[in-house]
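This is what each chain is made of:
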Amino acid sequence: MSTTAIQIGSTFEGIPLRLKLKRIERRQKMKALFLVLPLLLFILVAFVLPIGRMLFNAIHDDTLLTLAPRTMTALRGWDGKDLPGEAVYAALAGDLKESWTRKTAATIGKRINYELPGSLSEVISSARKVSLLPAGPYREALIKIGPLWGRHDVWSLLKRGTSAYTGYYLLRSVDFEYGPDSQIVASPPENRIFRDVFLRTLGISSGVTAITLLLGFPLAFLLATLPRKSSNLLMILVVLPFWTSVLIRTTAWVVLLQQHGIVNDALMALHVISQPAELIYNRIGTVVAMTHIQLPITLLPIYSVMRTISPSYVRAARSLGAGPFYAFWKVYFPLTLPGIAAGCLMTFILCLGYYITPALVGGPADQMVSSFVAHYTNEELNWGMASALGTILLTVTLLLYYSFSNLVGVDRVKMG
Amino acid sequence: MPGTNNAFVEFSGVQKTYDGETLVVKDLNLEIARGEFLTMLGPSGSGKTTTLMMLAGFEAPTQGSILLAGRSIGNMPPHKRDIGMVFQNYALFPHMTVEENLAFPLNVRKVGKQDREAKIKRALDMVRLGAYGGRRPGQLSGGQQQRVALARALVFDPKLVLMDEPLGALDKQLREHMQLEIKHIHEDLDVTVVYVTHDQGEALTMSDRIAVFNDGVIQQLAAPAELYERPQNAFVAQFIGENNRLRGKVVAMNGATCLVEIPGAGNVQALAVNVGAVGRPTVLSLRPERVKLNPAPGSLPNVFSAQVAEVIYLGDHVRTRVSVCGHDDFVVKLPNSEGTVQVEPGAVITIGWKTEDCRALDAP
């Protein structure tokens, strides 16, 4: 008997049992994969690839490498101390001549202009003039045409261009840049804006998150404790804004908060204020509108967690001698933490990416990182900067999420 | 037994309604003595849990008063009543360890560290969970959670402990074990226990007295044996233990006994417990184990012939369903003490019972 049992246990129709199990499991895995394949492909093609490509732009820039190939080759041997020799200038002259005929001089100029502001026109005029120049020597002639070419920092810049990878955009996004000798230095004060923008973004986001929590928690508590019928009605009122576009909700705030809007008129009619208060196109307007939009997103996870908390916990605490506040603070509140964590995290992360609302109801000093990303993408066509700002925002978000989930425990965070 | 003066808990004229139309508890009068183990037993919706919640302070009586140790507690919030409570689903705080759960009532009472640790240790040892103090409730089995809940309700030495179906979620074996454990803890500590359950076995095992609730009213309040042996009405007879019911009509009253006519079967001598005048309908209540098989002629006042419909062998006894007096759901429990019981389905047998085992009750 025991021998047969062992034989059955180890083989089945001549195939080892373990192999058989693996085959069946693999088949099931393939089936599961097949079902998620369309979504997987969609995410890959529509999300991961484009975003990955954009993030790549933050460190990849081969403008100089493709548009000034001769100069780049010639510069490989340059030690970077004095101005390069005649051979390099000759290569540059060749590249500039070609760029003039191929009308790419402006692109080269723009790339140089990022790091050395004011050099765009000089590069273009150099290209035009060089194209009229007879054969070399070019060194003196070029410096004479454009004093730019006699500067050491422009050659450092060109030398950095020999690599297709650059740290310039990322450095610029945190208010650093390359100095004349390719060392990393702080940006001049007029360019030092991004650290402020990031701090402002984080500040507005945490402020809005805190306000939505303060407003949302009591409301969620009310919704969770009311009888089902009345709580359903209130819930509709809470999610009603969800069914309206963000643009409309934001514009509605313009109507309410503008100088002669409803709020100001009412306050003045009640003689609370004598002059219209500045409620819009500043930080107040931004925070008010964002809070309104984000409130349900903070509230809903808290509400859904509260619904699962049995009233017997608080009753138990009360029967054990705790007063109403003590029972709430020591027993009920800790049990809502997973919901608070989820709601606040979602609101905070969504706030980091706000763009339309600050643009419509905020002032110039309320624009967040996304506005700058949009500005660089749409207006300056500087995709390197746009990508670098986006990369940093994404990294900060992921870091926050990571540290947060370590702090709270990601399994305890309940997303609705 | 409690007297009016030394009642520890006293409900007088208590009514409760939730919707203003139907009374969940109707005119409740109940006295509980110090150190007593009182069980409120009844089907769901009978008002027993509402009564418990009024005592705990989570519901306010619509009318009437509740006294605890002589003081009215009608307006006293739950946390000032000093009543320990064990909930149906234990209600252990999931974000605290077992020790923190037990420390909770002590911290509220600002018990010093040394005293607190001693009390926690004593309570955990009492429920034999001394090694589990550092665990969270989620890491414990149902029985262990139940014991922690018990320890938490007792750790601050309350004089009164309420238990709301605390064993409902446990399997049968564990439940029976915990029943004895709770009973022993009650005997060891000088504590008054008010226990709510719908399980009559549980009530009979543990209680000093049982209050049988139905329809918002206490149907009978008595010790377990009294309740089983001498039910006062048809509901109690039906709810506690197994019971045969024979419907009939009172034809003659004779002091403590009466004669009841079962339509189409003849007259039965019964104890007149809860019957109206002659001519009123009644229900005869008869325990299955009190019915004798093949009684000697003339030994019993009530003897009828019956046809065996079903025989179920249950080891210690044989459960026999017979058709008698026009009722085919009459059950007879025959003890298996002689080794074999000679009944076959279809056989016609004689059965009989004593007058005092047959109680004539109200006809609901």
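### Here's the deal with the overall build of chain B
When its secondary structure is counted, chain B shows 8 helices and 20 strands. For chain B, the spread of C-alpha atoms along the three principal axes comes to 75 × 50 × 35 Å. Residue burial in chain B is summarised as follows: out of 364 residues, 40% are buried. Contacts spanning at least 24 positions in sequence make up 64% of the contacts within chain B whose residues lie at least 6 apart.

### Brief notes about the overall build of chain A
Within chain A one finds 20 helices and 4 strands. Against the compact-globule benchmark of 22 Å for 416 residues, chain A has a radius of gyration of 31 Å, which places it well outside the compact range. Along the first, second and third principal axes, the C-alpha atoms of chain A reach 95 × 95 × 35 Å. A burial count over chain A gives 31% of its 416 residues as buried.

### A short note on the sheet that holds strand β1 (residues 7-17) of chain B
All names here are of chain B. The strand order across the open sheet built from 4 strands is β2-β1-β4-β5, with neighbouring strands paired in antiparallel fashion. Each edge of the open sheet carries a strand with a single partner, namely β2 (23-33) and β5 (71-72). Pairing of β1 with β2, which is carried by 7 bridges, proceeds in the antiparallel orientation. Considered in β2, the bridge of Glu 10 is made with Glu 31.

### Section: the confidence of the model for chain A
Residue and element names in this part refer to chain A. For chain A, the mean per-residue pLDDT works out to 88, and 95% of the residues sit at or above 70. The least confident element of chain A, judged by mean pLDDT, is helix α1 (residues 2-10) at 48; the most confident is helix α11 (residues 194-225) at 94. This model gives residues 1-8 a pLDDT under 50, and the stretch forms 0 contacts once residues within four places in sequence are excluded.

### Quick word on helix α12 (residues 228-239) of chain A
Taking 1.5 Å per residue as the helical rise, α12(A) with its 12 residues ought to reach 16 Å, and the 16 Å between its terminal C-alpha atoms agrees with that figure. Little of α12(A) is tucked away, with 0 of its 12 residues classed as buried.

### With respect to the packing of α11(A) against helix α15 (residues 283-308) of chain A
Residue and element names in this part refer to chain A. With their axes 6 Å apart at the nearest point, α11 and α15 run at an angle of 45° to one another. In terms of orientation, α11 lies oblique with respect to α15. Pair α11 / α15 crosses with right-handed handedness.

### So, the domain arrangement of chain A
In terms of domains, chain A is made up of domain 1 (2-59), domain 2 (63-166) and domain 3 (194-412). Placing a centre on the C-alpha atoms of domain 2 of chain A and another on those of domain 3 of chain A gives a separation of 51 Å.

### Examining the sheet that holds strand β17 (residues 317-324) of chain B
Residue and element names in this part refer to chain B. Sheet architecture is open: 5 strands sit in the order β15-β19-β16-β17-β18, paired in antiparallel fashion. The sheet terminates laterally at β15 (292-293) and β18 (327-335), the two strands that pair on one side only. For strand β16 (residues 302-313) and strand β19 (residues 348-353), the ladder comprises 6 bridges, and the chain directions are antiparallel. Along β19, the bridge assignment pairs Asn 302 with Trp 353.

### Section: the interface of chain B and chain A
On the chain A side, the residues contacting the 17 residues of chain B number 15 residues. Elements supplying a minimum of two residues to the side of chain B that touches chain A: β6 (83-86) and α2 (98-108) of chain B. Take the side of chain B that touches chain A: its biggest share by element is 3 residues, from α2(B).

### Looking at the pairing of strand β8 (residues 192-197) of chain B
Residues and elements named next belong to chain B. Of all 6 residues that make up β8, 6 are buried, and the element is covered over most of its length. What you see with β8 is no split at all: Thr 192, Val 194 and Val 196 on one side and Val 193, Tyr 195 and Thr 197 on the other are buried throughout. With 5 bridges joining them, strand β3 (residues 37-41) and β8 adopt parallel strand pairing. Directly across from Phe 37, in β8, lies its bridge partner Val 193. Looking at chain direction, strand β7 (residues 160-164) and β8 are connected through 5 bridges and run parallel. Bridge pairing in β8 places Leu 162 opposite Val 194. Following the chain from β7 across helix α5 (residues 172-188) to the adjacent parallel β8, one finds a crossover that is right-handed.

### Examining the packing of α2(B) against helix α3 (residues 113-126) of chain B
Residue and element names in this part refer to chain B. Interaxial distance between α2 and α3 falls to 10 Å at its minimum, and their mutual angle equals 125°. Considering the angle they form, α2 stands oblique to α3. Here α2 runs over α3; the crossing is right-handed. Of α3, the residues touching α2 (which contributes Glu 99, Leu 102, Ala 103 and Leu 106) are Arg 116, Lys 119, Ile 120, Ala 123 and Leu 124. Each residue belonging to the contact of α2 with α3 can be placed in one class, and the counts come to 6 nonpolar, no polar and 3 charged.

### Overview of the environment of B:Ser299
All names here are of chain B. Mapped onto the secondary structure, Ser 299 falls in the loop between β15 and β16. Its 10 C-beta neighbours within 10 Å are what place Ser 299 among the exposed residues. Sequence separation of Ser 299 and Asp 329 is 30 residues, and the distance between their C-alpha atoms is 25 Å.

How each quantity is defined
- Residues numbered from 1 in each chain as written.
- Chains lettered and ligands numbered in written order.
- Predicted model: local features only at pLDDT ≥ 70, side-chain atom pairs only at ≥ 80, totals over all residues.
- Helix = DSSP H or I, 4+ residues; strand = E, 2+ residues; numbered from the N terminus.
- Buried ≥ 20, exposed ≤ 12 C-beta atoms within 10 Å, placed from the backbone.
- Contact = placed C-beta atoms within 7 Å.
- Rg over C-alpha atoms; globule rule 2.2 N^0.38 Å.
- Pairing = 2+ DSSP bridges.
- pLDDT = per-residue confidence, 0-100.
- Expected span 1.5 Å × (residues − 1).
- Axes fitted to C-alpha atoms, helices over the stretch in contact; angles between N-to-C directions.
- Parallel < 35°, antiparallel > 145°, perpendicular 65-115°, else oblique.
- Left-handed = near helix turned anticlockwise from the far one by under 90°.
- Domains from an automatic or database assignment.
- Right-handed = clockwise from strand over helix to strand, strands pointing away.
- Nonpolar A, V, L, I, M, F, W, Y, C, P; charged D, E, K, R; others polar.

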